[in-house]
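Results of the structural survey
Residue strings, one per chain:
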Amino acid sequence: MSIKIPFLSKQPKESDSLSEENAPNHVAIIMDGNGRWAQKRGLPRFAGHKEGVSTVNKIVKTAVRANVKVLTLYTFSTENWKRPKQEVEYILKLPKEFLHVYLPSLMENNVRIQTIGDFQSLPGYTQEAVNYAMEKTKNNDGLILNFAINYGSRHEILKAVKQIATELKEENIDIDSLDEEAFSKHLYTNGVSDPDLLIRTGGEYRLSNFMLWQLAYTEFWFTDKLWPEFTEETFHEALLAYQQRKRRYGGI
Ligand code: FPP
């Protein structure tokens, strides 16, 4: 069975329609290339981040219509603190800006906001804006829009190991009960299925400390397009590429 995607300005041919059976449930995106997009135009880097916000809006709508259940966006990594203070502040104010403009549309589209990452260490203005949106959207049961913010995978894994070590020390758990499922419960992604598809824009081929545990069997798709140039058509291309992959999970 195949579904049409009415939101695309150019309707795909029947032969390249997305199939309902193997559409990705969870798509994760490393949004790279904002700075270069701006530099190419002689603009300051923040102009690229600003443009990146409007791409986020377009891609969220596309994901809703393509029936994606979870969209995780790498918004700010634990390594991004190394950037100049002004740029860090600018990026960390973007969730507020995005939610201020687009929260009504997220509500209309039944989107639920969540986050992964070290949320408590974020500035108050970021926490407040995101907390407000999480509360407002908590009963929505459509797409989960998951912002990875102040997120680093090694930090996440280490945090899980420390929690488990404490539980073992306090004899709250038995070491034999520790399996992959039990370990996963200590990750920020607890309760969310692993990504089926990872997209990275900006022509780089690395994971940058993103979801190292969760991406074990994920399909990867890379594009040279810079994040502000990423369109619904590019997203559609990635979704189609995904559905043509054969996932074997180590089997044959
Ligand atoms: C990487 O590009 C991008 C980031 C570190 C920030 C990503 C943030 C957004 C796309 C906007 C966030 C949107 C919302 C809704 C909160 P880069 O700056 O490393 O680009 P470069 O490799 O070209 O320098």
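Residues numbered from 1 in each chain as written. Predicted model: local features only at pLDDT ≥ 70, side-chain atom pairs only at ≥ 80, totals over all residues. Heavy atoms only, no water.

A few points about the site of the ligand
The immediate surroundings of the ligand are formed by 18 residues, with Asp32, Gly35, Arg36, Arg45 and Arg83 found nearest. Within the backbone of Gly33, one N or O atom sits 3.3 Å away from an oxygen atom of the ligand. Judged by the fraction of its atoms near the pocket grid, the ligand is located in the largest pocket. Those elements that provide at least two residues to the shell around the ligand are α1 (34-40), α2 (45-65) and α3 (85-108). At 4 residues, α2 tops the list of elements feeding residues into the shell around the ligand. Looking at the shell around the ligand residue by residue, the classes come out as 8 nonpolar, 6 polar and 4 charged. (Near = heavy atom within 4 Å. Polar contact = N/O pair within 3.5 Å; in protein donor to acceptor, adjacent residues only side chain to side chain. 1 Å grid on protein atoms, 1.4 Å probe; cavity = no way out; pocket = protein on both sides within 12 Å on 5 of 7 lines; lining within 4 Å. Sits in = over half its atoms within 2 Å of the grid points. Helix = DSSP H or I, 4+ residues; strand = E, 2+ residues; numbered from the N terminus. Nonpolar A, V, L, I, M, F, W, Y, C, P; charged D, E, K, R; others polar.)

Some thoughts on the confidence of the model for the protein
Model confidence for the protein is summarised by a mean pLDDT of 93, while 93% of its residues fall at 70 or above. Between residues 1-15, whose pLDDT stays under 50, and residues either more than four places distant or in other chains, the model counts 29 contacts. (pLDDT = per-residue confidence, 0-100. Contact = heavy atoms within 4.5 Å.)

Digging into the sheet that holds strand β5 (residues 112-116)
What the 6 strands build is an open sheet, ordered β5-β6-β4-β3-β7-β8; its pairing is parallel. Looking along the sheet, the strands with just one partner apiece sit at the ends: β5 and β8 (219-222). The mean inter-strand angle of the sheet, taken between neighbouring strand axes irrespective of direction, is 20°. Pairing analysis gives 4 bridges linking strand β3 (residues 26-30) to strand β7 (residues 197-200), with the strands arranged parallel. (Pairing = 2+ DSSP bridges. Axes fitted to C-alpha atoms, helices over the stretch in contact; angles between N-to-C directions.)

Some remarks on the packing of α3 against helix α4 (residues 124-136)
At a minimum axis separation of 9 Å, α3 and α4 run at an interaxial angle of 20°. Comparing the axis directions of α3 and α4 gives the class roughly parallel. Along this stretch, α3 crosses α4, giving a crossing that reads as left-handed. Residues Glu89, Leu92, Lys93, Pro95, Lys96, Leu99, Leu103 and Met107 of α3 pack against Tyr125, Thr126, Ala129, Val130, Tyr132, Ala133 and Lys136 of α4. (Parallel < 35°, antiparallel > 145°, perpendicular 65-115°, else oblique. Left-handed = near helix turned anticlockwise from the far one by under 90°.)

A word on the UniProt feature "binding site: Mg(2+)" (unreviewed entry) in the protein
The UniProt record annotates "binding site: Mg(2+)" (unreviewed entry) at Asp32 and Glu219. As for the annotated residues named above, the ones lining the largest pocket are Asp32. With respect to the element layout, Asp32 can be found in the loop between β3 and α1. Judged by relative accessible area, which is 17%, Asp32 ranks as buried. Beyond its immediate chain neighbours, meaning those up to four positions away, Asp32 contacts Arg200, Thr201, Gly202, Glu204, Lys225, Leu226 and Trp227. (UniProt positions renumbered as here; feature names shortened; annotations may be inferred. Buried < 20%, exposed > 50% of the residue type's maximum accessible area, 1.4 Å probe, protein only.)

Side note on the pairing of β8
What you see with β8 is a clean split: Glu219 and Trp221 sit on the buried side and Phe220 and Phe222 on the side with no burial. As paired elements, β7 and β8 share 4 bridges and run parallel to each other. Paired with Ile199 across the strands is Trp221, a residue of β8.

Concerning the layout of surface pockets
Empty space within the largest pocket amounts to approximately 680 Å³. What lines the largest pocket is a set of 31 residues, and nearest its centre among them are Met31, Asn34, Tyr74, Thr75 and Asn80. Ranked by residues supplied to the lining of the largest pocket, first place goes to α2 with 5 residues. Residue composition of the lining of the largest pocket, by class: 12 nonpolar, 11 polar and 8 charged. In this structure, the second largest pocket encloses a volume near 210 Å³. In terms of lining residues, the second largest pocket is bounded by 13 residues, among which Glu180, Asp194, Trp213, Ala216 and Tyr217 are the most central. When its residues are assigned to classes, the lining of the second largest pocket shows 5 nonpolar, 3 polar and 5 charged. (Points joined across faces, edges and corners; volume = space filled by probe spheres on them.)

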